[in-house]
Amino acid sequence: MHAKLLLIIILFLSIGCANQSQNKTDKQNEISALDSNNLNELFKIDLTNYFNAFNNRNWDLMTAMIYPKLFEFTSKEEMLQVFVDIEEMGMNMSIDLNEINKLSKIFVDGDLQFCRVFYRALIQIKLRGMMLENQSELAFNFQEQYGSENVTYNDEVFSINVENSMIAVSDLDTKNWTYMEYNEDPASLTLLQSIIPEAIFNDIID
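Read on for an overview of the structure. Position numbers for residues count from 1 along each chain, tracking the sequence in the order it is written. Local features are withheld for residues below a pLDDT of 70 in this predicted model, meaning they are given only at 70 or higher, and side-chain atom pairs are given and counted only at 80 or more; totals for whole chains, interfaces and linings count all residues. Side-chain metrics in this entry use all non-hydrogen atoms of the structure; hydrogen atoms and water are not considered.

Counting from the N terminus, the helices are the DSSP runs of H or I reaching at least four residues and the strands are the DSSP runs of E reaching at least two. Tallying secondary structure elements over the chain gives eight helices and six strands in all. The helix and strand sequence of the chain, counted from the amino end, reads α-α-α-α-β-β-β-α-α-β-β-β-α-α. Exposure classes here rest on a 1.4 Å probe applied to the protein chains alone. A residue is buried below 20% of its type maximum, exposed above 50%, and partly exposed in between. Every one of the 206 residues in the chain was classed for burial, and the buried ones make up 46%. Residue-level accessible areas treat just the shown protein chains as cover; the underlying method is Shrake-Rupley with a 1.4 Å probe. Total accessible area on the chain is roughly 10700 Å²; 48% of this is exposed by carbon and sulfur atoms.

In structure tokens, the structure reads:
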């Protein structure tokens, strides 16, 4: 597969990239049971709305739920163009939230609060056109990235079970949460380090 095409696919899938190392549990890094139950429901509603907006290509709603500071480093237009390009190449993706796994504790810096939200989701990728010709190579890449036990392929559709997390951010007063996807590749971590306050960066990604 052409290197540029593979790069676009990786960027496209970063919204749901699995990170198996996130399965470890740190009891000292979790919020109280009461707060967790309340936030768990709030985050479940938010992430469901976020993924539904993505599935329906409601870009205005989806980008409104992304932490605004992210767009100081990449424009909305550049982000959305990745999705447009990959669909034109023959990959149509949808994401459905299965459950919220756990929450980190709340980290406060100034007038902002941060929480890492761990979740499970199902990604479905329907192939057409030129992408059907690369089905075998795509299957290999998906199995390498997500684990073969989490990837199935039927009727030109990949179904992939993923575990990932979001960094949720809100003002202390309004508590209207916005989100950033967490990924462990060096470029993504460097970007997050530029956005998340230094005082809490290492704690929230641990």
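The salt bridge definition used is simple: a Lys or Arg side-chain nitrogen within 4 Å of an Asp or Glu carboxyl oxygen. In the structure shown here, the tally under the stated rule is three salt bridges. A salt bridge links Arg57 to Glu87; the nearest nitrogen and oxygen atoms lie 2.3 Å apart. Linking Arg57 in the loop between α2 (33–55) and α3 (59–64) with Glu87 in helix α4 (residues 76–89), this pair joins segments that are 30 residues apart in sequence. According to the relative accessible area criterion, Arg57 is partly exposed, its value standing at 21%.

The next point concerns helix α8 (residues 198–205). All of the buried residues along α8 are Ile200, Phe201 and Ile204. End-on view of α8: buried residues confined to an arc of 125°, all on one side of the axis. Exposed residues on α8 whose side chains face more than 90 degrees from its buried face are Glu198, Ala199 and Asn202. The inward-facing, buried residues of α8 contact β2 (107–109), β3 (112–127), β5 (157–171) and α7 (186–195). Here, the arc refers to the directions that run from the helix axis to the C-beta atoms. We call two residues contacting when some pair of their heavy atoms lies within 4.5 Å.

A separate point is the environment of Lys76. Among the structural elements, Lys76 can be located in helix α4. Note on Lys76: relative accessible area 38%, which makes it partly exposed. Distance from Lys76 to Asp60, taken between C-alpha atoms, is 9.5 Å for residues 16 residues apart in sequence. Look past the residues within four positions of Lys76 in its chain and what remains in contact with it is Thr63 and Phe71.

Before going further, it helps to spend a moment on the nonpolar core. Counting 57 residues, the largest nonpolar core has Phe43, Leu47, Met62, Ile125, Phe142, Phe158 and Ile160 as the members making the most contacts within it. Per element, the largest residue contribution to this core is nine residues, and it comes from β3. Among residues more than four places away in sequence, those in contact with Phe43 are Ile100, Leu103, Cys115, Val117, Ala168, Trp177 and Tyr179. Definition used in this section: a nonpolar core is a set of buried Ala, Val, Leu, Ile, Met, Phe, Trp, Tyr and Cys residues joined via side-chain atoms within 4.5 Å.

To estimate how far a helix should extend, the number of its residues minus one is multiplied by 1.5 Å. With twelve residues, helix α6 (residues 135–146) should cover 16 Å at 1.5 Å per step; its first-to-last C-alpha distance of 16 Å lies within 8% of that length. Turning to α6, its buried residues are Leu138, Ala139, Phe142 and Tyr146. Looking straight down α6, one finds its buried side chains confined to an arc of 100°; they lie on one side. More than 90 degrees from the buried face of α6, the exposed residues found are Ser136 and Glu144. One or two steps after α6, the chain reaches Gly147, where phi turns positive at roughly 95°.

Taken together, the side chains of Asp109, Asp111, Asp171 and Asp173 define an acidic patch exposed on the protein surface. With respect to the helices and strands, Asp109 occurs in strand β2. Each patch is built from residues lacking any salt bridge and having more than 30% relative accessible area; the joining distance is 9 Å for like charges and 5 Å for nonpolar side chains (Val, Leu, Ile, Met, Phe, Trp, Tyr). The charge count includes Lys and Arg as positive and Asp and Glu as negative, but it does not include His or the ends of the chains. A single reference atom marks each charge: NZ on Lys, CZ on Arg, CG on Asp, CD on Glu.

Inspection of the secondary structure puts Leu138 in helix α6. By relative accessible area, Leu138 is classed as buried at 0%. The sequence separation of Leu138 and Phe158 amounts to 20 residues, and the corresponding C-alpha distance is 9.3 Å.

These values are about where atoms sit, not about what they do.
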